[in-house]
Amino acid sequence: MDALGLGDLASSGLRARQTAALKRQLSRHAKEVTTGIVADPVRHRGGNMWPLAEIEGALTRIYAWTRNGDIQRSRLAAIETALDTVTTLAERSGASMIGAGELGSDAQVTVVATETRGVFDTVIGTLNLRLGDRTLLAGWASDGPALADADTILGALQDAIAAAGATGLGDIVGAVDAWFADPAGFGTSGYLGGLPSAGGVPVAEGEVMAMPLTAADPALVETLRALALGALVDAGLAAGNPILRASLVAEGGRALIEGARGRVAVAAEVGASRMRLDFIMQRNAAEGDALGAARAAMLEADPLVAASALTETETQLQALYAITARLSRLSLANAL
Amino acid sequence: MSLNSALYRAATGLGIASRTAEVIAGNVANARAEGYGRRELVQNGLPGAGGYGVRRHVDQGLLSERRLSDAAAAAAETRAAFDLRLEKALGLPDDPGSISGRIVAFETALIEAAATPDSTAALGAVAARARDLAEGLRAASAAVQDGRLAAENAIARDVATLNDTLARIERSNAQIRAALAQGRDTAALEDQRQTMIDEISEIVPLREIARERGEVALYSMGGAVLLDGRASVVGFQPAAAIDASVTRAGGQLNGLTINGNEVSTEAPQGLLRGGRIEAAFAVRDAAGIAAQGRLDALARGLIERFADPAVDPTLAPGADGAFVDPAASPFDPAAAQGVAGRIAVAAALDPQAGGAVWRWRAGIGAQSPGEPAAPQVLLAMRAALIDRRPEPDAGPGAMQLSVGGHAAEMLSAAAMARLDAEARADFTRAQQLHLRQLEREGGIDTDRELQALLLVEQHYGANARVVQAVDGMLQRLMEI
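Notes on the structure in this doc start here. Just so you know, these numbers come straight off a predicted model, no measurement behind them. (Residues numbered from 1 in each chain as written. Chains lettered and ligands numbered in written order. Predicted model: local features only at pLDDT ≥ 70, side-chain atom pairs only at ≥ 80, totals over all residues. Heavy atoms only, no water.)

## Comments concerning the overall build of chain A
Point 1. A tally of regular secondary structure across chain A gives 12 helices and four strands.
Point 2. Projecting the C-alpha coordinates of chain A onto the three principal axes gives extents of approximately 140 × 30 × 25 Å.
Point 3. For chain A, buried positions account for 45% of its 336 residues.
Point 4. Total accessible area on chain A is roughly 15900 Å²; 60% of this is exposed by carbon and sulfur atoms.
Point 5. If you average the places of the 27 positive and of the 37 negative side-chain charges in chain A, the two averages end up 16 Å apart. (Helix = DSSP H or I, 4+ residues; strand = E, 2+ residues; numbered from the N terminus. Buried < 20%, exposed > 50% of the residue type's maximum accessible area, 1.4 Å probe, protein only. Areas by Shrake-Rupley, 256 points an atom, 1.4 Å probe, with all protein chains shown as cover. Lys, Arg positive; Asp, Glu negative; His and termini not counted. Charge placed at Lys NZ, Arg CZ, Asp CG, Glu CD.)

## Details of unusual backbone geometry
Point 1. The omega torsion of the bond from Ser329(B) to Pro330(B) falls at 0°, within 30 degrees of zero and hence cis.
Point 2. Tracing the sequence through the fold places Pro330(B) in the loop between strand E10 (323-324) and strand E11 (344-345).
Point 3. A positive phi angle, near 60°, is found at Ala238(A), a position not held by glycine.
Point 4. Residue placement: Ala238(A) occurs in the loop between helix H8 (218-234) and helix H9 (242-258).
Point 5. Judged by its relative accessible area of 16%, Ala238(A) falls in the buried class.

## Let's talk about helix H5 (residues 187-201) of chain B
Point 1. The terminal C-alpha atoms of H5(B) lie 21 Å apart, and with 15 residues this matches the ideal 21 Å at 1.5 Å per residue to within 8%.
Point 2. Listed in full, the buried residues belonging to H5(B) are Ala187(B), Leu189(B), Asp191(B), Arg193(B), Gln194(B), Met196(B), Ile197(B), Asp198(B), Ile200(B) and Ser201(B). (Expected span 1.5 Å × (residues − 1).)

## As for the pairing of strand E5 (residues 225-228) of chain B
All names here are of chain B.
Point 1. Relative to E5, strand E4 (residues 216-220) runs antiparallel, the two being bridged by two bridges. When the bridges of E5 are listed, Tyr219 appears paired with Val225.
Point 2. Remark: four residues form the turn of the hairpin made by E4 and E5, two consecutive strands paired antiparallel; Gly223 in that turn has positive phi of roughly 105°.
Point 3. As paired strands, E5 and strand E6 (residues 230-231) are joined by two bridges and run antiparallel to one another. (Pairing = 2+ DSSP bridges.)

## Things to note about the packing of aromatic side chains
Given two aromatic rings, their pairing is described by the distance between the two centres and the angle made by the two planes.
Point 1. If you walk through the whole model with that rule in mind, you get eight aromatic pairs over all chains.
Point 2. Measuring from ring centre to ring centre gives 6.0 Å for Trp179(A) and Phe186(A), while their planes differ by 75°; the resulting arrangement is edge-to-face. For the residue pair Trp179(A) and Phe186(A), the accessibility class agrees, reading buried in each case.
Point 3. An aromatic cluster of three or more residues is present, and its members are Phe106(B), Phe306(B), Phe323(B) and Trp360(B). (Phe/Tyr/Trp six-rings, centres within 6.5 Å; stacked < 30°, edge-to-face > 60°.)

## A closer look at the nonpolar core
Point 1. Formed by 100 residues in total, the largest nonpolar core has its most connected members in Phe106(B), Leu256(B), Phe323(B) and Trp360(B).
Point 2. Per-element accounting of this core gives the leading share, 16 residues, to helix H4 (residues 120-181) of chain B.
Point 3. Membership of the second largest hydrophobic core comes to 72 residues, among which are Ala90(A), Ile124(A), Ala226(A) and Ala115(B). (Core = buried A, V, L, I, M, F, W, Y, C linked by side-chain atoms within 4.5 Å.)

## A closer look at the interface of chain B and chain A
Point 1. In this complex, chain B contributes 54 residues to the contact, which on the side of chain A involves 54 residues.
Point 2. Together, the buried faces of chain B and chain A total about 4500 Å²; carbon and sulfur atoms form 59% of this surface.
Point 3. Remark: the boundary between chain B and chain A carries six salt bridges.
Point 4. The shortest N-O distance in the salt bridge between Glu205(A) and Arg382(B) comes to 3.1 Å.
Point 5. Put simply, chain B and chain A have 13 residue pairs in polar contact (both at pLDDT 80 or more) between them.
Point 6. At 14 residues, helix H9 (residues 403-441) of chain B tops the list of elements feeding residues into the side of chain B that touches chain A.
Point 7. Taken together, the residues of the side of chain B that touches chain A sort by class into 25 nonpolar, 10 polar and 19 charged. (Contact = heavy atoms within 4.5 Å. Buried area = accessible area lost by both parts, 1.4 Å probe. Salt bridge = Lys/Arg side-chain N within 4 Å of Asp/Glu carboxyl O. Polar contact = N/O pair within 3.5 Å; in protein donor to acceptor, adjacent residues only side chain to side chain. Nonpolar A, V, L, I, M, F, W, Y, C, P; charged D, E, K, R; others polar.)

## Considering the side chain of Gln432(B)
Residues and elements named next belong to chain B.
Point 1. For Gln432, the position within the fold is in helix H9.
Point 2. Residue class for Gln432 comes out buried when judged on its relative accessible area of 11%.
Point 3. Leaving out residues up to four positions away in the same chain, Gln432 has contacts with Arg66, Ser69, Asp70 and Ala73.

## Some points on the packing of helix H5 (residues 150-164) of chain A against H8(A)
Any two packed helices are characterised by how steeply their axes cross, that is the angle between the axes, and by the distance between the axes.
Residue and element names in this part refer to chain A.
Point 1. At a minimum axis separation of 10 Å, H5 and H8 run at an interaxial angle of 80°. Taken together, H5 and H8 sit at an angle that is classed as roughly perpendicular. Across the interface between the two elements, Leu154, Leu157, Gln158 and Ile161 from H5 touch Ala228, Ala231 and Leu232 from H8.
Point 2. By residue class, the composition of the contact of H5 with H8 is six nonpolar, one polar and no charged. (Axes fitted to C-alpha atoms, helices over the stretch in contact; angles between N-to-C directions. Parallel < 35°, antiparallel > 145°, perpendicular 65-115°, else oblique.)

## Some points on the sheet that holds strand E3 (residues 206-210) of chain B
Point 1. Ordered in space as E3-E4-E5-E6 (chain B), the four strands form an open sheet in which the pairing is antiparallel. The open sheet terminates on both sides in strands that have one partner only, identified here as E3 and E6 of chain B.

## Some remarks on the packing of helix H3 (residues 50-103) of chain A against helix H10 (residues 260-299) of chain A
Residue and element names in this part refer to chain A.
Point 1. Where H3 meets H10, the closest approach of the two axes is 8 Å, and the angle between their N-to-C directions is 160°. Judged by the angle between their axes, H3 and H10 are roughly antiparallel. The crossing of H3 and H10 is left-handed.
Point 2. Of the residues in the contact of H3 with H10, the class split is 23 nonpolar, nine polar and 10 charged. (Left-handed = near helix turned anticlockwise from the far one by under 90°.)

## Quick notes on the sheet that holds strand E7 (residues 234-236) of chain B
Strands belonging to one sheet form pairs held by backbone hydrogen bonds; the direction of such a pair is parallel or antiparallel.
Residue and element names in this part refer to chain B.
Point 1. What the three strands build is an open sheet, ordered E7-E8-E9; its pairing is antiparallel. Each of the sheet's edge strands pairs with one partner strand only, and the pair in question is E7 and strand E9 (261-263). When strand polarity is set aside, the average angle formed by the axes of neighbouring strands in this sheet is 40°.
Point 2. Of the strand pairs in this sheet, strand E8 (residues 256-258) and E9 are connected by three bridges, and their pairing is antiparallel. Paired with Thr257 across the two strands is Glu262, which belongs to E9.
Point 3. Sitting on the sheet, H4 touches E7 and E8, and the angle it makes with E7 is about 155°.

This is the structure:
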């Protein structure tokens with residue numbers, strides 16, 4: 001007898017539940033269609049959040065490395081330009097110093113010595129290269145200049161020559177060499193920077209771009225030393241001894257020309273760094289693209305599937321409404 | 001005389017028809033009431049009411065099965081709610097506010113600061129991201145403890161409801177017994193009692209046993225007597241506040257008593273097992289403790305990785321690094337319980353706590369800011385973060401992971417537990433809905449009641465015709 005009846009609550013309850021379930025589905029599909037991302041990523045990934053965490057981490061890191069790479073690239077570019085300037089100036093000075101020192105008159109020596117003094121100033125200014133407030137060739141001590149100013153260095157050299165009592169060409173050149181090689185000489189009052197950066201700028205996993213070049217690099221110090229010989233003559237060294245003056249200028253000029261190889265090596269090293277950086281940056285970009293695509297694939301709700309599911313659910317819901325309206329009119333009470 | 005007897009029979013028929021109409025009217029009126037059992041007028045051979053009585057239709061088997069599924073669904077939902085709370089507290093990796101997101105943000109800040117160690121802004125970002133990470137761990141820890149407190153409060157509420165309802169059912173038993181003794185209809189009282197038992201069946205799954213004189217006894221499926229003649233009293237003393245150090249094992253939290261006797265609350269042997277109350281105990285004493293343990297391990301790993309002279313050469317051996325436990329300096333692994341709720345950035349590194357950001361570059365113990373472009377400490381910190389190590393105190397064969405890896409592992413475990421609990425909740429809920437549906441199908445069908453009413457009308461009309469015919473016969477007799 002009981003099996004013949006179907007309780008009123010059963011049919012209305014069933015329809016209410018179906019309506020609620022369809023509405024939930026509808027809102028989930030609508031969310032997926034509008035955002036393009038699955039409604040519950042955890043469920044979508046079966047609870048395994050490892051791959052997503054890895055990709056998110058890797059992507060964020062690549063963005064950071066790319067920003068670091070941009071900074072590093074601009075630094076390397078600035079250093080390359082500075083080295084270009086130094087090389088050009090050194091070559092031009094070298095030629096004119098040899099010309100004046102070996103063949104020129106004392107007046108010509110004076111003119112070239114004055115010029116050399118100007119170049120000495122410019123080279124020091126160039127090597128005190130700053131990008132923003134960061135001195136690039138001072139190692140880790142990036143907050144101050146890499147080199148002391150020209151007057152200080154020349155003053156120290158004059159003192160060193162006087163202290164050594166040097167008068168002949170060999171003695172003077174020896175005293176200048178000794179001062180530049182002395183940690184208590186150039187190492188203290190000439191080069192003001194810190195140690196070369198052994199660490200450096202991280203630009204990719206396991207890739208740290210070191211910046212070992214400082215103004216205390218031997219090739220650059222040699223250039224300074226050669227220019228200093230000319231600048232010292234301008235400052236009054238060996239005044240009244242035209243032969244010694246000419247010899248000092250010629251000696252400086254020869255050293256400048258001979259130092260070309262060292263300067264080229266330094267520039268080549270910076271150039272190689274830059275190429276390596278470009279290569280790493282390209283790799284980062286490619287990796288970032290691939291990871292971005294993988295991440296999208298991981299969270300993406302297929303728009304076609306989501307849209308057709310939305311339409312389907314909508315149709316179902318409409319049918320349910322129609323049936324609810326029909327069934328609620330069907331009652332024996334209305335017929336009696 | 002047989003005419004008199006015919007008249008009497010017809011009058012009885014009229015009486016039955018009108019009582020049936022009354023029962024049908026009651027059924028139709030209560031068609032939408034949950035817990036209303038369909039009434040039917042049946043011949044019961046009892047002397048009162050002309051041998052007819054009202055019977056209340058209830059499928060007892062279906063009812064008890066549905067009550068068990070109520071309990072299972074409530075238990076699964078309690079568990080799923082906690083797991084979801086934990087998952088939300090940890091956050092998904094694509095959310096920058098998640099634990100994973102904060103770890104990556106801190107690591108990224110270190111990477112970027114290594115390119116510009118002389119930038120106060122870059123070092124300030126490292127300090128801020130480190131603070132975010134500590135904050136994230138503290139918030140997740142607080143969410144876990146909130147979940148445990150919510151479970152504690154839910155237990156207290158459920159125990160109060162249970163005691164109150166058991167007492168009401170005991171009174172209802174007495175009323176039904178009295179009504180039966182006086183030969184009154186008990187169907188309405190039974191409806192009421194059934195609804196009350198339904199109310200507590202979510203809290204503790206129970207078995208209803210019919211006793212003499214219309215009474216019922218209630219036993220939990222775990223075997224505890226909840227009501228048999230007298231209602232048992234379930235006792236529970238809730239804690240006012242809960243943090244990581246407040247545990248059942250530590251004696252600061254209470255279990256349950258029945259009539260003053262301590263009973264187990266653990267899953268396999270608890271007397272009140274299988275329902276919401278047991279699930280709440282599991283959250284408070286097992287799931288919540290386990291979640292806190294994993295957060296503590298993550299926080300402890302972070303503290304220990306940075307407290308290393310190889311990372312920061314200015315640290316004395318054994319001294320704290322960038323992350324500290326304010327409750328113990330230097331960090332004490334033996335007192336690591338709840339460290340995720342306390343972890344903070346070392347004051348010397350935190351500009352908001354009077355520290356200086358240059359110490360991120362120069363080291364905590366550095367006397368001066370040193371060379372402004374030196375990146376080694378920052379690089380070493382990042383290396384410590386991604387170095388693969390097992391969790392502190394992990395057994396042999398434990399996974400060797402970076403800090404981010406441990407966080408992802410913890411999130412995956414929580415997410416899988418959540419999906420698992422939800423699948424169980426979905427399953428039990430579907431079962432419960434199915435049984436409820438069956439129960440409703442056996443409920444009032446107004447169409448059927450109205451059909452019966454049509455028969456009653458005919459029946460009434462026929463009996464009235466009999467009375468009229470007998471009356472005609474008697475009139476004839478009088479005329480003779």
